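This is what each chain is made of:
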Amino acid sequence: MTWWSRRMTFRAARGVLAGAALGGVVFALWGCAHGPAAGPAAVEATPAVVPLPLIVPHFADVTAEAGLDGVDAQYVNWLDSDQDGRPDLLVNGHRLFRNTGTVASTRFEEVTAAAGLSAAPRGPALAVDLDNDGWTDIVSSRGQLWRNRGDGTFADVAAATGFAPHPKAMAMAAGDIDNDGFADVYVAMGEDWNDGNPTYYPHELWRNDGGVRLVEIGESAGIARKTYGRAVLFDDVDGDGRQDIFVANYRLQANLLWHNGGGGRFEDSARHYGVTGRREPERYYSATLKQHYGPHYGHSIGACWIDIDNDGRMDLFTANLVHKYVGRSGKSYDIRGYVCDDSAIYHRGAVGFEDWRERLGVAPMPIGGAGVFQGDELWAGCAAGDLNNDGWTDLFVPQVYNLAYATSRLFLNHGGAAFVERAKAAGIVRIDTYAGALADADGDGWLEVVTAGRSEVGAKPALRLYRNLGAADGEPARHWLRVRVGPGTSGRTILGTRLQARLGDRVLTRLVCAGSGTYGQQDDPVIHVGLGTWDGPVVLTACWPDGTTTRHTAKPDNLIEIAPPQDATASRGK
């Protein structure tokens, strides 16, 4: 029996809140209205407020005591495999660690063999409920579909469902493209490098037919573009009630934003919205080579949605690997610093997106040769969450390569006006990894960070779990809310649900999704909202994918559980 089969209640971190009315938080891009014109009216922009002084969260490495020491990791997915409300951990798509901890002690136990996953191959994976039975399944880019039996075990049903992705399948994400209530799967492709003569393969879109069959419709849907896609995101970007798809592309290829036109057809609108990455071939002039050069899109590796300024619109962060050196390199002359586009922090405006990176104070590394070059920007993913519970969403960004300066980044959001890097001060220093995802692993209301990589150049790479120590003595109290979103008895996917938490005049926005960061990595399925110093009632609205809404009131510092209304037409349009 899943937790949705039982009577839903508010739950505190250490118990049940007696007598509280059932409630749920809602975080929405355009609210529950649809259409571009409805956006600003549906969700009022958050008024200017004086943010808390920049508060650096502090983390402790609890990998060993959590039972995760010595685990190799490149990709990580948080999921609730057993529906006990605690986030479990899937590592490299083939090792499952069950969360057996408490608020007082973080602990994981490997259950790969017991769960029937011993034959699961290593590779990017996606945790998503494909048959709407309330249990989270696991989709492997290597061609397996592990159905959750609900008894702690999984069975590979790829052959029975028809799921057979291309061997170069790489990053995945899921969303409901046709509003039939079932999650569909987008599969971006890797490459064959071929000694510098790369071959690319068409992306795939697997339509979910009633949770029983998956049918590949990429060609007819218009998304069978041949690129090296390394991150995929679903969201209703234009507020028309249909899920669109963003793809972050590597190898100096333009990013894609597939606009869902309905009827199973998509059209690339990345240029219209300003998120292809930059192509400016005349920006720089090389006096040595007597030729102009400039950005030719980028090596995008990761991407995530984030509401930077709490205006109710989802902004977009893209993490790029950016070469910065220009000059002699052996017998050749290296011009890669001219042609690699920088990572971007796109703010959503009334029409499209605008790169706010400079405005937010995140300076790029300088381009040049000896005396100027300070290293490449090797950003290899991202995870968005409020790590200090001040009410503003922060960013964790891992970096790749076995280099001393390639340390992970922690950008703290200071009132929507600036991102301030504080990874070292927070106690998270790792190099050379793609891994990065957030979860409240111990249920205390503060987000933990799971990553991997090396402690120093040449050290053995390994997974690391950093526990968030919460507010320090002398710091202002900061509150939180956790929202556990499930299908209830609706029999429909919850992906695409927008949650909006109103704290007086302020509005905080979140999105229920599957797949983010890079290679389809995933954060805690329980939605986390930092409330800052707000200790009053939180007014919550859930905008469900089918257009229905539910509204509730919740108390801070609690876990609440919400589901769509049983009568799907009861609140539609209200």
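These numbers were taken from a predicted model, which means no experiment stands behind them.

Remarks on the sheet that holds strand β7 (residues 108–110)
Adjacent strands of a sheet pair through backbone hydrogen bonds, lying either parallel or antiparallel. Ordered by their spatial adjacency, 4 strands build an open sheet running β4-β5-β6-β7, and the pairing between neighbours is antiparallel. Each edge of the open sheet is held by one strand with a lone partner, namely β4 (76–79) and β7. For this sheet the average axis-to-axis angle between neighbouring strands, irrespective of direction, equals 25°. Direction of pairing for β4 relative to strand β5 (residues 88–91): antiparallel, over a ladder of 4 bridges. Opposite Trp 78, over in β5, you have Leu 89 as the bridge partner.

A word on the sheet that holds strand β20 (residues 256–262)
Reading across the sheet, the 4 strands line up as β18-β19-β20-β21 and stay open at both edges, with antiparallel pairing between neighbours. A strand with exactly one partner marks an edge of an open sheet, and here the two such strands are β18 (229–235) and β21 (265–268). In this sheet, adjacent strand axes meet at a mean angle of 25° when their direction is disregarded. Bridge count for β18 against strand β19 (residues 244–249) is 6 bridges, and the pairing is antiparallel. Considered in β19, the bridge of Gly 229 is made with Asn 249.

What about the side chain of Asp 137?
Structurally, Asp 137 is set in strand β9 (residues 137–140). Buried charged residue Asp 137 carries no salt bridge. Nearest counter-charge: Arg 147, at 4.6 Å. A distance of 2.9 Å separates a polar side-chain atom of Asp 137 from the backbone nitrogen of Leu 130. Other than its neighbours up to four places away in sequence, Asp 137 contacts Leu 126, Ala 127, Val 128, Asp 129, Leu 130, Asp 131, Trp 146, Arg 147, Asn 148 and Phe 154.

Observations regarding unusual backbone geometry
Even without glycine at this site, Asn 194 takes up a positive phi of about 50°. One can find Asn 194 in the loop between β14 (191–192) and β15 (199–200). With relative accessibility at 42%, the residue Asn 194 sits in the partly exposed group. Look at Asn 389: it is not a glycine, yet its phi comes out positive at around 55°. Topologically, Asn 389 is positioned in the loop between β31 (383–385) and β32 (394–397). What makes Asn 389 buried here is its relative accessible area of 0%.

Regarding the pattern of salt bridges
For the structure on display, the rule yields 28 salt bridges. In this structure, the salt-bridge partner of Glu 110 is Arg 95, at a minimum N-O distance of 2.7 Å. With Glu 110 in strand β7 and Arg 95 in strand β6 (residues 95–99), the pair connects residues that are 15 residues apart, well separated along the chain. Taking the relative accessible area as the measure of exposure, Glu 110 reaches 35% and is therefore partly exposed. Linking Arg 467 and Asp 442 is a salt bridge whose minimum nitrogen-to-oxygen distance equals 2.5 Å. With a gap of 25 residues between them, Arg 467 in strand β37 (residues 464–468) and Asp 442 in the loop between β35 (436–439) and β36 (448–451) connect regions that are remote in the sequence. Salt bridges linked by common partners bring Asp 82, Asp 84, Arg 86 and Arg 98 together as one network.

Some points on the pairing of strand β10 (residues 145–148)
With 2 bridges joining them, β9 and β10 adopt antiparallel strand pairing. Counted as the bridge partner of Val 139 is Leu 145 from β10. What sits between the antiparallel neighbours β9 and β10 is a turn of 4 residues, in which Gly 143 has the positive phi angle 105°. Direction of pairing for β10 relative to strand β11 (residues 154–156): antiparallel, over a ladder of 3 bridges. Among the inter-strand pairings, Asn 148 is bridged to a residue of β11, identified as Phe 154.

Some details on the nonpolar core
By size, the foremost hydrophobic cluster in this structure holds 39 residues, and its most contacted members are Val 128 and Val 485. If you list the elements that add at least two residues to this core, you get β8 (125–128), β12 (169–175), β13 (184–189), β38 (479–485), β39 (498–503), β41 (527–532), β42 (538–543) and β44 (558–562). Both domains that furnish three or more residues to this core are identified here as domain 1 (59–471) and domain 2 (480–562). If you look at the next biggest cluster of nonpolar residues, it comprises 19 residues, including Phe 108, Ala 435, Ala 439 and Val 450.

Quick notes on the rules
Residues numbered from 1 in each chain as written. Predicted model: local features only at pLDDT ≥ 70, side-chain atom pairs only at ≥ 80, totals over all residues. Heavy atoms only, no water. Pairing = 2+ DSSP bridges. Helix = DSSP H or I, 4+ residues; strand = E, 2+ residues; numbered from the N terminus. Axes fitted to C-alpha atoms, helices over the stretch in contact; angles between N-to-C directions. Buried < 20%, exposed > 50% of the residue type's maximum accessible area, 1.4 Å probe, protein only. Lys, Arg positive; Asp, Glu negative; His and termini not counted. Salt bridge = Lys/Arg side-chain N within 4 Å of Asp/Glu carboxyl O. Polar contact = N/O pair within 3.5 Å; in protein donor to acceptor, adjacent residues only side chain to side chain. Contact = heavy atoms within 4.5 Å. Core = buried A, V, L, I, M, F, W, Y, C linked by side-chain atoms within 4.5 Å. Domains from an automatic or database assignment.

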